[in-house]
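Residue strings, one per chain:
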Amino acid sequence: MLEIYVSAWGNDHGDGSKEKPFRSIREAQATVRSLVKKGVTGGITVIVGEGTYTLDEPLRFGSGDAGGERCLVTYRNAEGRTAELIGGKVLSEWKDAGNGVWTAQVPKGVRFHTLYADGRRISKARMPASGYYRSLPLEEDGRAGIRYEEGEFPDIPKEDADSLQIYVWPGGGEANWFAETIPVAGMKEGKILFKRPSCWGIGEGSRYYLQGSRAFLREPGQFHLDEAAGLLYYRPRSGSPLHERVVAPAVGRILHIQGDSDAERVSGLAFSGLTFACTDFTEDFRMMREEPGMDNAEPDENRNGIVYMRNAHGIEVSDCVIRNSGTCGVYLDRSVEDVRLLRNRIERMGHTGIYASGYAPGEGAFQDHLAAYRNKGHCITDNIITDGGELVGHGSGIVLYQSGDNEIAYNRIANMPRYGISMKGLRYQRMPEELWGVPVTWDNHASFLFTRNNVIRHNDLSNVMTDSQDGGIIESWGIGRGNAIHGNRLHHSGIHFSFGFGIYLDDASSDVEVTHNLLDHLYQTGEGKLWMAIFSKGIGNRIINNLIANNESECAFGTQEMAGESNRDIVIRSNIVSNSGYMYAHVNWSDERLASADCNLYWRGGEPPLVTSEELPFPAVGESKVWGKLYHWDSWRSLADGKLDAQTILAPAGFVDEAAGDYRLLPASPAYRLGWQDIDFSRFGPRLNPQEGRG
């Protein structure tokens, strides 16, 4: 094994030896390329010494930077040392401008859209300083701008006209699912005019704020950049920037790993024990592509991460710290296979922690759908992913779009404005008539959906859906077949406005196994509604052996057919529901809705497990706060010739200590008579010793 050394204190005459290390990683990389080209085998390790390495361009790794299995190349930290790669410049020369504002010179024409101080994000000067304004109704095209109250904003200097942006949640009513950042063309007559249309119309009451003027710089923890003058204005949270490390980002990516082509992928690279920090956001963030069939497909300009990969195979990133990103922590773009993301800490992202995004249906010059399935086989385990969506309101922990056969296991995910884990594709009713030259039919449509055969297991998820609506902690929409959600804990997460769910199998989510999950202490605040702990649309989903306890959900389980997508043949068996609302909410019942519902254990202090629906074929006993009317349990059990919940037991579960959150069952628990299998509560989240096996 060859070793090459890099040191932040190296000199211009280094040769890469331990005694004379290179000063930069790029020097080491050039040496590695030469060795790989000469056919070296057995592996090369680049040891990056302690220190801070600032970058004004991404580190680019291509097909010539490793030799696959013939010559693995690893970049790692020196044992016990911290090597930090920063995608920007540390600002150290500050002047006190008075009234809590400090200034620093930057090169004229330089533009950045976020700032970092001592590891925390500094936001652009904005109004309101926190929270949102609400849009007034527009009479004309609701995509061209937004109406605001006269006098809401101060006079904006002319020099700030080109730097104004609006951060907005398009969509009316309960369709504020995704956020955009749009450059502002002007403000007049009570209207903010956009430089481009929003992807969806702006509804009355849509949330927004305005940013990018020095006139807004009123609160600590914000900045304004006068690009023309090359002057940065900054209000520290406390004290002065003379005692902080302030970083102005210069790049959107730090590691850019991309093979020469899909046929010539980069393979055999590993990065271990390094810290990557501080990348930039973008002036214009569009929430998705607008072409037909591109629902949930990110525009190319959004496909960024501190670590970015395309045309790559067999890459590993392990034991690294990835923090303070403008967009994502890791972005796996289109043709990427068998990536291993292990034991990393990914935190304070502008967008999403880990985003695996394959080819959209019909995208790319492929002969057929089999050739287009290029984003798959990833192992994403034992990572800690926290504090996402700081610049993008639909930021999440992990997103899989058209990406399959992945293992997502033993991760801890917390503090996300939207999902913890999301699986996305395209539902049948939104598909074009033809994809990759093949006519699309109901019978073959799943073959175009690559978010398939994913195993999401033993993850710990909490405090998500903090700033979004109509979502879930684990969520899916328009996905392929064979996905499994097994043995996860979803807990201490709230719905604060609109509505949401725990596990949310949204439109066209079919053939999903939901087993051995623990959902506890999910709650609702204000006008928010936690409608169901587990909500299943789609066909043939199997919800078995889940523990739902001490949640403020209106109902434990829900189903619904909508948007022309069938909802039938659902199995709900052998689950424990304790103090988590009514038993079922079948929004629009049909006789084919359930293949089986039985052997469940329900308890709510002795209250009957009522069922809610828009209309069932027997008298209602009240109105539901969720949907429709309430129906008595005995009436429910009379449906389907008495086959529904015939063996379900209404009794306490018999927990060891429910009040303390000890959900182990006592030996005498009636759940065991129903076929209950114990959940191993020790397996949630990162393992202390992952080498013990994947289990």
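What you see is a predicted model, and the numbers here were worked out from it, not measured in a lab. (Residues numbered from 1 in each chain as written. Predicted model: local features only at pLDDT ≥ 70, side-chain atom pairs only at ≥ 80, totals over all residues. Heavy atoms only, no water.)

1. What to know about the environment of Arg 323
So, point 1. Within the secondary structure, Arg 323 sits in strand β29 (residues 321-325).
So, point 2. Classification of Arg 323 by relative accessible area gives partly exposed; the value is 23%.
So, point 3. Apart from the residues within four sequence positions on either side, Arg 323 is in contact with Glu 84, Thr 275, Phe 276, Ala 277, Cys 278, Ile 306, Glu 347 and Arg 348.
So, point 4. There is a polar contact of 2.9 Å between the side chain of Arg 323 and the side chain of Glu 347. (Helix = DSSP H or I, 4+ residues; strand = E, 2+ residues; numbered from the N terminus. Buried < 20%, exposed > 50% of the residue type's maximum accessible area, 1.4 Å probe, protein only. Contact = heavy atoms within 4.5 Å. Polar contact = N/O pair within 3.5 Å; in protein donor to acceptor, adjacent residues only side chain to side chain.)

2. Observations concerning the pattern of salt bridges
So, point 1. Evaluation of the coordinates by the stated rule reveals 38 salt bridges.
So, point 2. A salt bridge links Glu 227 to Arg 111, with the shortest nitrogen-to-oxygen separation between them at 2.6 Å. Of this pair, Glu 227 sits in the loop between β19 (222-226) and β20 (231-235) while Arg 111 sits in the loop between β9 (101-105) and β10 (115-117), and the two are 116 residues apart along the sequence.
So, point 3. Between Arg 303 and Asp 300 there is a salt bridge, and its shortest N-O distance comes to 3.6 Å. (Salt bridge = Lys/Arg side-chain N within 4 Å of Asp/Glu carboxyl O.)

3. Some thoughts on the nonpolar core
So, point 1. Grouped together as the largest cluster of nonpolar side chains are 97 residues, with contacts concentrated most on Tyr 75, Ile 257, Leu 269, Met 309, Phe 557 and Trp 636.
So, point 2. Element by element, the count of residues in this core is highest for helix α1 (residues 25-37), at 5 residues.
So, point 3. Those residues in contact with Leu 269 that lie beyond four places of it in its chain are Phe 61, Asp 65, Ala 66, Val 73, Tyr 75, Ile 257, Gly 314, Ile 315 and Glu 316.
So, point 4. Core analysis: the next-biggest nonpolar cluster, separate from the first, contains 22 residues, Tyr 133, Phe 153, Val 168 and Leu 210 among them. (Core = buried A, V, L, I, M, F, W, Y, C linked by side-chain atoms within 4.5 Å.)

4. Looking at the side chain of Gln 211
So, point 1. Within the secondary structure layout, Gln 211 lies in strand β18 (residues 207-211).
So, point 2. With relative accessibility at 10%, the residue Gln 211 sits in the buried group.
So, point 3. In this structure the side chain of Gln 211 is engaged in a polar contact, spanning 2.9 Å, whose partner is the side chain of Gln 165.

5. Topic: empty space enclosed by the protein
Leftover empty space is mapped by rolling, across the atoms, a probe with the size of a water molecule.
So, point 1. Scanning the model with the defined rule gives 2 cavities of 30 Å³ or more in all.
So, point 2. Of the volumes computed, that of the largest cavity is approximately 140 Å³.
So, point 3. As for the largest cavity, its lining consists of 15 residues, and the residues nearest its centre are Phe 178, Glu 298, Tyr 355, His 394 and Lys 424.
So, point 4. At the level of secondary structure, the elements contributing two or more residues to the lining of the largest cavity comprise β38 (398-401) and β41 (421-424).
So, point 5. Split by residue class, the lining of the largest cavity holds 7 nonpolar, 6 polar and 2 charged.
So, point 6. By volume, the second largest cavity is sized at about 70 Å³.
So, point 7. Together, 14 residues line the second largest cavity, and Trp 442, His 445, Ala 508, Ser 510 and Glu 565 are the ones closest to its centre.
So, point 8. Each residue belonging to the lining of the second largest cavity can be placed in one class, and the counts come to 7 nonpolar, 4 polar and 3 charged. (1 Å grid on protein atoms, 1.4 Å probe; cavity = no way out; pocket = protein on both sides within 12 Å on 5 of 7 lines; lining within 4 Å. Points joined across faces, edges and corners; volume = space filled by probe spheres on them. Nonpolar A, V, L, I, M, F, W, Y, C, P; charged D, E, K, R; others polar.)

6. Some words on the sheet that holds strand β23 (residues 266-267)
So, point 1. One open sheet holds the 4 strands; their spatial order is β23-β27-β31-β35, and the pairing between them is parallel. Across the chains shown, the open sheet's two edge strands, defined by having one partner strand only, are β23 and β35 (375-376).
So, point 2. Looking at chain direction, strand β31 (residues 336-337) and β35 are connected through 2 bridges and run parallel. Across the sheet, the residue bridging to Val 336 is Asn 375, located in β35. (Pairing = 2+ DSSP bridges.)

7. Brief notes about unusual backbone geometry
So, point 1. Here Met 127 and Pro 128 are connected by a cis peptide whose omega angle stands at -5°.
So, point 2. Phi at Asp 387 takes a positive value of approximately 60°, unusual for a residue other than glycine.
So, point 3. By secondary structure assignment, the location of Asp 387 is in the loop between β37 (384-386) and β38.
So, point 4. One non-glycine residue, Ala 640, lies in positive phi territory at about 50°.
So, point 5. Inspection of the secondary structure puts Ala 640 in the loop between α3 (633-638) and β64 (649-650).

8. Some remarks on the environment of Asp 284
So, point 1. When you line up the elements, Asp 284 lands in the loop between β25 (275-277) and β26 (305-310).
So, point 2. Taking the relative accessible area as the measure of exposure, Asp 284 reaches 25% and is therefore partly exposed.
So, point 3. Separated by 119 residues in the primary sequence, Asp 284 and Gln 165 place their C-alpha atoms 8.3 Å from one another.
So, point 4. The contact partners of Asp 284, leaving out residues within four places of it in the chain, are Thr 181, Pro 183 and Arg 196.
So, point 5. A distance of 2.9 Å separates a polar atom in the side chain of Asp 284 from a polar atom in the side chain of Arg 196.

9. Considerations on the pairing of strand β6 (residues 83-86)
So, point 1. Here β6 shows two buried faces, one formed by Ala 83 and Leu 85 and the other by Glu 84 and Ile 86.
So, point 2. Sheet topology places strand β3 (residues 51-54) next to β6; 4 bridges connect them, and they run parallel. Following the sheet pairing, Thr 54 is matched in β6 by Ile 86.
So, point 3. In terms of strand pairing, β6 meets β25 through 3 bridges, oriented parallel. From the neighbouring strand, Leu 85 faces β25, where its bridge partner is Phe 276.

10. As for the sheet that holds β10
Two modes of strand pairing occur in sheets, parallel and antiparallel, and in both the strands are linked by backbone hydrogen bonds.
So, point 1. Across the sheet, which stays open at both edges, the 8 strands sit in the order β7-β21-β10-β11-β19-β20-β9-β8 with mixed pairing between neighbours. Strand pairing shows two members of the sheet lacking a second neighbour, β7 (88-91) and β8 (95-98), which therefore form its edges. With direction set aside, neighbouring strand axes in the sheet form an average angle of 35°.
So, point 2. Summarising the sheet, β8 and β9 pair through 3 bridges and their orientation is antiparallel. Residue pairing across strands places Gly 98 opposite Val 101, the latter belonging to β9. (Axes fitted to C-alpha atoms, helices over the stretch in contact; angles between N-to-C directions.)

11. A word on the packing of aromatic side chains
So, point 1. Enumeration over the complete set of coordinates arrives at 37 aromatic pairs.
So, point 2. Between Trp 531 and Trp 627, the aromatic rings sit 4.5 Å apart at their centres with planes inclined by 50°, giving tilted as the arrangement. With a gap of 96 residues between them, Trp 531 in strand β52 (residues 529-536) and Trp 627 in the loop between β62 (622-623) and β63 (629-631) connect regions that are remote in the sequence. The same class applies to Trp 531 as to Trp 627, namely buried.
So, point 3. Considering the side-chain rings of Tyr 584 and Trp 633, the 6.4 Å spacing of their centres and the 15° angle between planes classify their relative orientation as stacked. (Phe/Tyr/Trp six-rings, centres within 6.5 Å; stacked < 30°, edge-to-face > 60°.)

12. Quick look at α1
So, point 1. Helix length check: α1 (13 residues) gives 18 Å between terminal C-alpha atoms against 18 Å at 1.5 Å per residue, within 8%.
So, point 2. For α1, the set of buried residues is Ile 25, Ala 28, Gln 29, Val 32, Leu 35 and Val 36. Projection of α1 onto a plane perpendicular to its axis shows the buried side chains occupying an angular sector of 120°, all on one side.
So, point 3. In the stretch just after α1, Gly 39 is the one whose phi turns positive, near 90°. (Expected span 1.5 Å × (residues − 1). Arc of directions from axis to C-beta.)

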